[in-house]
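One-letter residues, chain by chain:
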Amino acid sequence: MSEQHISTNQAKYRKDYKAPDFLVDSLYLEFDLQPTQTRVLQKSHYKRVTENESDLWLDGVNQTLHCINVNGVPFSQYEQFEQGILLKNLPSEFELHIESEIDPQNNTSLEGLYLSDGAYCTQCEAEGFRKITYFQDRPDVLTKYTVKVIADKSFTHLLSNGNKIESGELADGRHFNVWQDPYNKPSYLFALVAGDFDVLQDTFKTRTGRDVLLELFVDKGNLNKADHAMASLKRAMKWDEERFDLEYDLDIYMIVAVDFFNMGAMENKGLNIFNSKCVLANQATATDRDYHTIESIVGHEYFHNWTGNRVTCQDWFQLSLKEGLTVFRDQEFSSDIGSRALNRIDAVKVMRGPQFSEDAGPMAHPIRPDKVIEMNNFYTVTVYDKGSEVIRMMHTLLGETNFQKGMKLYFERHDGTAATCDDFVSAMQDASNIDLTLFSKWYSQSGTPELNVDRHYNESDKTLTLTVTQYTAPTQDQSEKQALHIPLAIEVISPKGISQPLQINGEVVGNVVSLKSETHQYIFENIEQDSAVVFLEDFSAPCKVEFDQSLDELITIVKHARSDFSKWDAMQRLMIVCLKSSIDSGSELPKMVLDLFNELLSSESKDLALLSELITLPSFDAIAATYKTVPVDKICAQLAGYKSTLAMELKDSLVQLYTSLDENGGLDAHSISVRALKGCILSYLALTDWDQASHELEQQFTDSNMTNSLNALSAVCDSLHSVHSEFLTRFKEKWQHDVLVLDKWLAQVGRLKSENITATITEMFANGEVDITNPNRVRALLMSYCMFNPQAFHAVDGSGYTLLTDLLIKLDKINPQNAARLITPLMSYKRHTIERQNKVKEQLKRLADISDLSPDLYEKVSNALNGE
Ligand code: B3K
Ligand code: ZN
């Protein structure tokens, strides 16, 4: 039995997977909830399914074990370890009873069962169930759960997965409910909640005519913020029936919103638990962006019911099987019901920002990792977002019809079981007859492929030859890389702005060609001279592109590309090219770019939502990503310079457009895009001497719509406009009572470009203004500081790094998962100057020197320092 030797910091490998020797037929759990002494009784029925040994390893941590019974008799043939117990000499079939005790009140890790803000709740994925009871806490052990929850009557709602089959009163003011989940599930999908909530109820009629009861539980007084999440759930249920032919399978679907939660939400079977920030919204307190996020997360968790719960993962290395696929599904949901281009822009920003940087850093891993110390460290942008891009590429290669056939086959083969990523690819391949052998390397190879494009036009035969070469640089986890199967979507636009059909060897080839080797030449026929090439249209593969394109060509794409995403993409590249040439050689913003801005602003037929994306300058990260050594201060200075130049030069067009924009305060697409565009314009106008600016800022700031109000606050804060301190004070006073809105205030403070910001933030943490036991609070302030205040965070004296590390040291004792996520900004230090690198290393060494550092931080810190 190897598990017993596993110390917490020991790596586990995908290649070591071994199917379980014992399976569990049924599991009964009884919880007698008490703040510091919750008794957990487990009754389970085990059967050996292999000829192997008769010992059984059960994971279990942070519990006081009271007694073990096997077949009704006290059992003493076990050894206890820090990570679990080893039961020895067992019969091949037996009934196991275990009683243990846990302490929810002092569980600040927000994993397992915890009590916070007056409610008990659980978080089991990935390996939190072992903090609740002794069990084979692995996703390939599925069983049927019956759960009895006993608590004081002040906890009016006692919830668990599935259907409520019994309830009753007990002595001493206590009561209970019994829940039964008819579907087999792994331990990570178990959930329990006990609290006093307000409930929003609704129903959904499935396409086969079944009524599903929908219940949304929120803190008392928050019912007026629950409608949007409920409406989103119903939209998601309908969409999944229509697009994926998938219907909900229980008679009840519950969502509970809690204030203390480590991430966005969790897809526990029939009982989702959500971070309240991903549920609660009304127009006064939530921005349009929040509305969008809520809809997509509600959708995401709902979609897991099939991709994750009905078909789950064999082992945690297969996490992308459910996460990549479910992100793909939620992105498609948002794109089908909203703007496809804007959703694509959002997704690509995540890929080119955090994902590319993870791929290039010390935690690089394939979407299906091979080696893990702490599983919670692998809920990453690589597994989720690159995972989704890999699914998207399959969708591109197969087309919607074949892709859906593949989904159908996948469910036929694997419903009710724990599957692997290879199983998914096989289903797609078998259903479509498209060979995905080479493609499947995307699952095992980490790093970002770079595509180099070389162009040659032959005037005499009107052919355009694109020579495309792929190269993936070695990553810290893998030195050898191979060529991948990469779908390249291409558009060729004539000088007159007309899209030209792609033709190879006399045949029209559609807009996607496959690159399957290191290099390939594509010879497109009947192409007009000086055509513009949109390469990797819609970001058809998660790659970097090296392609020399003139400003003229990029402008043609901005004006004429058939894909709105590609217009935005060309605009970003255009701005990055200009910014870099200003940084590196002091050149000015070219007039042709100013003219383009003016043309976009004054064009008659404009898509307002797209326009605000088009006129927004690239982020610090997007520019930094193009440098081997990031010139932090120069990028910040140049970005600020460009913003002022554009504001001054475009003032008249901006004012004219701003004053022409009108919206009715609603949540329709037009009003949302008007608010976005007004906010964007205001961020420019706050930098000018526009007479009306103060008046407009005040008006927007005091608007009853949070999007408008927050846009005005950001505009004054980012420009350090004279009223910014006053606005910040007024905002804070107005929203004292609403922690979620105060998080928006914290995020504004975090990104303030004022000189003493690092000292201010240090003080805010020191004087208890920020509750560091709540992940939302800490992240609001700190992430905004680390990500949107690069000059302060990367100050050469290392003060930003020290601030973060001081906090990580405290946080690691409270909530290691949260600490490990917040260390990300220190991970890519190699991209900075030697001076900065040394300052970061000093801090990483401080962390490495802590003897009882959590496995979460240990894994990240040691990887970061190992790359030396
Ligand atoms: N599956 C959860 C994430 C669990 C994270 C564990 N550290 C939410 C989601 O992806 O839907
Ligand atoms: Zn998910």
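Residues numbered from 1 in each chain as written. Chains lettered and ligands numbered in written order. Predicted model: local features only at pLDDT ≥ 70, side-chain atom pairs only at ≥ 80, totals over all residues. Heavy atoms only, no water.

(A) Layout of the overall build of the protein. Counting its regular elements, the protein contains 26 helices and 34 strands. Here the protein has a C-alpha radius of gyration of 28 Å; the compact-globule value for 868 residues is 29 Å, and the two agree. With the C-alpha coordinates of the protein rotated into their principal frame, the extents come out at 85 × 65 × 60 Å. Taking the intrachain contacts of the protein between residues at least 6 apart in sequence as the baseline, contacts between residues at least 24 apart amount to 70%. For the protein, the exposed area adds up to about 33500 Å²; of that, 48% sits on carbon and sulfur atoms. Looking at charge distribution, the protein has the averaged site of its 83 positive side-chain charges lying 1 Å from that of its 125 negative ones. (Helix = DSSP H or I, 4+ residues; strand = E, 2+ residues; numbered from the N terminus. Rg over C-alpha atoms; globule rule 2.2 N^0.38 Å. Contact = heavy atoms within 4.5 Å. Areas by Shrake-Rupley, 256 points an atom, 1.4 Å probe, with all protein chains shown as cover. Lys, Arg positive; Asp, Glu negative; His and termini not counted. Charge placed at Lys NZ, Arg CZ, Asp CG, Glu CD.)

(B) A look at the site of ligand 1. With respect to spatial proximity, 14 residues lie near ligand 1, and among them Glu125, Glu267, Glu301, Asn376 and Tyr384 are the closest. Between His300 and ligand 1, the recorded distance is 3.1 Å, taken from a side-chain N or O atom to an oxygen atom. Taken by itself ligand 1 offers 340 Å² of open surface, and the protein chains cover 94% of this. Those elements that provide at least two residues to the shell around ligand 1 are strand S20 (265-266), helix H2 (288-303) and helix H3 (319-337). (Near = heavy atom within 4 Å. Polar contact = N/O pair within 3.5 Å; in protein donor to acceptor, adjacent residues only side chain to side chain.)

(C) Here's a closer look at the coordination of the zinc ion (ligand 2). Summarising the metal site, the zinc ion (ligand 2) is bound by the protein donors His300 (NE2), His304 (NE2) and Glu323 (OE), whose distances to it range over 1.9 to 2.0 Å. Under the relative-accessibility criterion, His300 is labelled buried at 7%. (Donors = N, O, S within 2.8 Å, 3.2 Å for Na, K, Ca; no water. Buried < 20%, exposed > 50% of the residue type's maximum accessible area, 1.4 Å probe, protein only.)

(D) Spatial organisation of the nonpolar core. Counting residues in hydrophobic clusters, the biggest one holds 236 residues, and the most contacted among them are Met394, Phe424, Leu488, Ile490, Phe535 and Phe765. Beyond its immediate stretch of four places on either side in the chain, Phe765 contacts Val770, Ile772, Val778, Leu781, Leu782, Leu803 and Leu807. Residues Phe31, Phe75, Ile98 and Tyr120 belong to the second largest nonpolar core, which totals 39 residues. (Core = buried A, V, L, I, M, F, W, Y, C linked by side-chain atoms within 4.5 Å.)

(E) Just the packing of helix H14 (residues 669-685) against helix H16 (residues 706-718), in detail. In contact at an axis separation of 9 Å, H14 and H16 are set at 15 degrees when each is read in the N-to-C sense. Taken as axis vectors, H14 and H16 run roughly parallel relative to one another. Of the two elements, H14 crosses H16, and the hand of that crossing is right-handed. In contact with Arg675, Gly679, Leu682 and Ser683 of H14, H16 contributes Thr707, Asn708, Asn711, Ala712 and Ala715. Of the residues that constitute the contact of H14 with H16, the class distribution is 3 nonpolar, 5 polar and 1 charged. (Axes fitted to C-alpha atoms, helices over the stretch in contact; angles between N-to-C directions. Parallel < 35°, antiparallel > 145°, perpendicular 65-115°, else oblique. Left-handed = near helix turned anticlockwise from the far one by under 90°. Nonpolar A, V, L, I, M, F, W, Y, C, P; charged D, E, K, R; others polar.)

(F) A look at the sheet that holds strand S4 (residues 56-59). If you walk across this open sheet you meet the 3 strands as S4-S8-S7, and the pairing is antiparallel. The sheet terminates laterally at S4 and strand S7 (78-81), the two strands that pair on one side only. Between one strand axis and the next, the sheet turns through 15 degrees on average, direction left out of account. Where S7 and strand S8 (residues 84-87) come together, 4 bridges link them in antiparallel fashion. Bridge pairing in S8 places Phe81 opposite Gly84. (Pairing = 2+ DSSP bridges.)

(G) Summary view of the sheet that holds strand S16 (residues 192-195). Strand order in the open sheet made by the 4 strands is S10-S11-S16-S13, with antiparallel pairing throughout. The two strands at the open ends of the sheet, each matched to only one other strand, are strand S10 (112-116) and strand S13 (157-160). Within the sheet, the average angular offset between the axes of one strand and its neighbour, ignoring direction, is 15 degrees. Across 5 bridges, S10 lies against strand S11 (residues 119-123) in antiparallel orientation. Paired with Leu113 across the strands is Thr122, a residue of S11.

(H) Focus on the UniProt feature "domain: Peptidase M1 membrane alanine aminopeptidase" (unreviewed entry) in the protein. Taken from the UniProt record, the annotation "domain: Peptidase M1 membrane alanine aminopeptidase" (unreviewed entry) applies to residues 229-440. Here residues 229-440 is 56% helix and 9% strand, with 36 Å between the C-alpha atoms at its ends. (UniProt positions renumbered as here; feature names shortened; annotations may be inferred.)

(I) Summary view of unusual backbone geometry. Cis geometry is found at the peptide bond from Glu125 to Ala126, where omega equals 5 degrees. The residue Ala126 is located in the loop between S11 and strand S12 (144-152) in this model. A positive phi angle, near 60 degrees, is found at Asp245, a position not held by glycine. Structurally, Asp245 can be placed in the loop between helix H1 (227-244) and strand S19 (252-258). Since its relative accessible area comes to 46%, Asp245 is described here as partly exposed. A positive phi angle is found at Lys462, which is not glycine, with a value near 55 degrees. Turning to its location among the elements, Lys462 is positioned in the loop between strand S25 (449-458) and strand S26 (463-472). Note on Lys462: relative accessible area 39%, which makes it partly exposed.

(J) The arrangement of the pattern of salt bridges in detail. All chains considered together, the criterion is met by 63 salt bridges. For Asp430, the salt bridge is made with Arg413, and the minimal N-O distance between the two is 2.7 Å. Taken as a pair, Asp430 in helix H6 (residues 421-432) and Arg413 in helix H5 (residues 381-414) lie far apart in primary sequence, 17 residues in all. Residue classification places Asp430 among the partly exposed positions, given a relative accessible area of 40%. Owing to a relative accessible area of 39%, Arg413 belongs among the partly exposed residues under this scheme. Here the residues in one salt-bridge network are Arg243, Glu332, Asp336, Arg340, Arg392 and Glu400, joined through shared partners. (Salt bridge = Lys/Arg side-chain N within 4 Å of Asp/Glu carboxyl O.)

(K) Representation of the side chain of Thr688 in the model. In this structure, Thr688 sits in the loop between H14 and helix H15 (693-701). A polar atom in the side chain of Thr688 sits 2.8 Å from the backbone oxygen of Leu685. Among the polar contacts listed, one links the side chain of Thr688 to the backbone nitrogen of Trp690, at a separation of 3.2 Å. With residues up to four places along the chain from it excluded, the contact list for Thr688 reads Ala647, Met648 and Lys651.

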